[in-house]
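Here are the chains, one letter per residue:
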Amino acid sequence: MTLHKILKYVSIVLGVIGLILLGRILAEDGDAIEASADLQNSLLAPIMYLSYFVLLVVLVLVAFFVIKGLFKGNIKNTLIAVGAFVAVIVIAYLVTDGTQMTLKDGDILSANAAHWVSAGLVTFYILAGIAILAMVISGVKKLTK
């Protein structure tokens, strides 16, 4: 049996289980679910655990196929791409600063955490800019042909 068939059957089984659990939730009154912690645990916890399981399976499969692809393909290009991504993160970290701040709920966000949040946002902006630039360049090349 091939991996594709196995995954197809597993996804069908997980889908049916999910539909059954969803049906149980939809059959109950929403106000009753909100009011009763026992009802929340009996109805919502199983579908949450199913979701966690599906997420775990997806992450394991993605990691497996990425590692498998690394050894099959050109590892040099992969390492260059990973290095470029790390370089963008380092640049974003170096151009940002962090200061301790008080959040709306009264908690304190440390300077280090604020620095990493700022670096994450700048990393996103840099990568989004690169993606937009790549799309524009691709569109211009198509127009010129």
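Here, the structure is the one placed above.
The paragraphs below set out a description of the structure included in this document. What you see as residue numbers is a count from 1 along each chain, following the sequence as written. Under the rules for a predicted model, residues below a pLDDT of 70 receive no local features and side-chain atom pairs below 80 are neither given nor counted, while totals for whole chains, interfaces and linings still include all residues. Neither water nor hydrogens contribute to the side-chain values; these are computed over all heavy atoms in the structure.

## Comments concerning the overall build of the chain
And step 1. Looking only at helices and strands, the chain features five helices and two strands.
And step 2. In this setup the radius of gyration rests on C-alpha atoms only. A globule is expected at 2.2 Å times the number of residues raised to 0.38. Taken over C-alpha atoms, the radius of gyration comes to 23 Å for the chain, far larger than the 15 Å a tight globule of 145 residues would show.
And step 3. Along the three orthogonal principal directions, the C-alpha set of the chain runs to about 55 × 55 × 35 Å.
And step 4. Three labels apply to residues, based on accessible area from a 1.4 Å probe with only protein chains included: buried if under 20% of the type maximum, exposed if over 50%, partly exposed otherwise in between. The proportion of buried residues among the 145 residues of the chain is 11%. Helix and strand assignments come from DSSP, with helices taken as H or I runs of at least 4 residues and strands as E runs of at least 2, each series counted from the N terminus.

## Brief notes about the side chain of Thr123
And step 1. Following the sequence through the fold, Thr123 ends up in helix H5 (residues 111-144).
And step 2. On the basis of relative accessible area, Thr123 is assigned to the buried category, the value being 9%.
And step 3. Every residue pair with non-hydrogen atoms within 4.5 Å of one another is taken to be in contact. Residues within four places of Thr123 in sequence aside, it is in contact with Val88, Ile89 and Ala92.

## Considerations on the packing of helix H1 (residues 3-27) against helix H3 (residues 37-72)
And step 1. Axis lines are fitted through C-alpha atoms, for helices just across the contact stretch, and the angle between N-to-C directions can take any value from 0 to 180 degrees. With their axes 9 Å apart at the nearest point, H1 and H3 run at an angle of 160° to one another. If you check the angle between H1 and H3, you find them roughly antiparallel. Regarding H1 and H3, the two cross each other, and that crossing is left-handed. Residues Leu3, Leu7, Leu14, Ile17, Gly18, Leu21, Leu22, Arg24 and Ile25 of H1 form the contact with H3, whose participating residues are Ser42, Leu43, Leu44, Pro46, Ile47, Leu50, Phe53, Val54, Leu61 and Phe65. In these notes the angle categories are as follows: under 35 degrees is roughly parallel, over 145 is roughly antiparallel, 65 to 115 is roughly perpendicular, and the rest is oblique. Here a crossing is taken to be left-handed if its near helix is turned anticlockwise relative to the far helix by less than a right angle, and right-handed if that turn runs clockwise.

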